[in-house]
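Single-letter residue listing:
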Amino acid sequence: QVQLVESGGDLVQPGGSLRLSCAASGSIFRITIMGWYRQAPGKQRELVATITRGGSTNYADSVKARFTISRDTSKNTVFLLMNSLKPEDTAVYYCNFRNGRGDDYWGQGTQVTVSS
């Protein structure tokens, strides 16, 4: 049974930083892409950032130049470094792994709250 476990969510002041981590337990057949999504209250889940097995990255316009996604493929772990946080970044953040067969795996979510 594969599980993704996120950590690092917290309450932070505007302008602050957080680093989220997501690690997979169990065996996942050839992960091809890892990503972070978020869902704010009353809104749909949206893409934040993705990184491919080869290291190519993609970011939502709203987080470009502030967030950095990285991964450790040997440990099936993905990270999200979030700088210059804004109140509108407040959401539950979910990690997602997709394998070569198109199977999706999701974490349980970690709460990020940006408030003074």
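Structure first, text after, so check above.
### Details of the sheet that holds strand β3 (residues 18–25)
One open sheet accounts for four strands, arranged β1-β3-β8-β7; its pairing is antiparallel. What marks the edges here is a single partner per strand, and that holds for β1 (3–7) and β7 (67–72). Neighbouring strand axes in the sheet, compared pairwise and without regard to direction, differ in orientation by 15° on average. As defined by bridge partners, β3 adjoins strand β8 (residues 77–82) across six bridges and the pair is classed as antiparallel. Looking across to β8, one finds that Ala-23 is bridged to Thr-77.

### A short note on the packing of aromatic side chains
Taken as a whole, this structure holds one aromatic pair when the rule is applied. Aromatic pair Tyr-37 and Trp-106: ring centres 5.1 Å apart, planes at 65°, arrangement edge-to-face. Taken as a pair, Tyr-37 in strand β4 (residues 31–39) and Trp-106 in strand β10 (residues 104–106) lie far apart in primary sequence, 69 residues in all. Among the residues examined, Trp-106 registers a relative accessible area of 37% and is labelled partly exposed.

Criteria and thresholds
- Residues numbered from 1 in each chain as written.
- Predicted model: local features only at pLDDT ≥ 70, side-chain atom pairs only at ≥ 80, totals over all residues.
- Heavy atoms only, no water.
- Pairing = 2+ DSSP bridges.
- Helix = DSSP H or I, 4+ residues; strand = E, 2+ residues; numbered from the N terminus.
- Axes fitted to C-alpha atoms, helices over the stretch in contact; angles between N-to-C directions.
- Phe/Tyr/Trp six-rings, centres within 6.5 Å; stacked < 30°, edge-to-face > 60°.
- Buried < 20%, exposed > 50% of the residue type's maximum accessible area, 1.4 Å probe, protein only.

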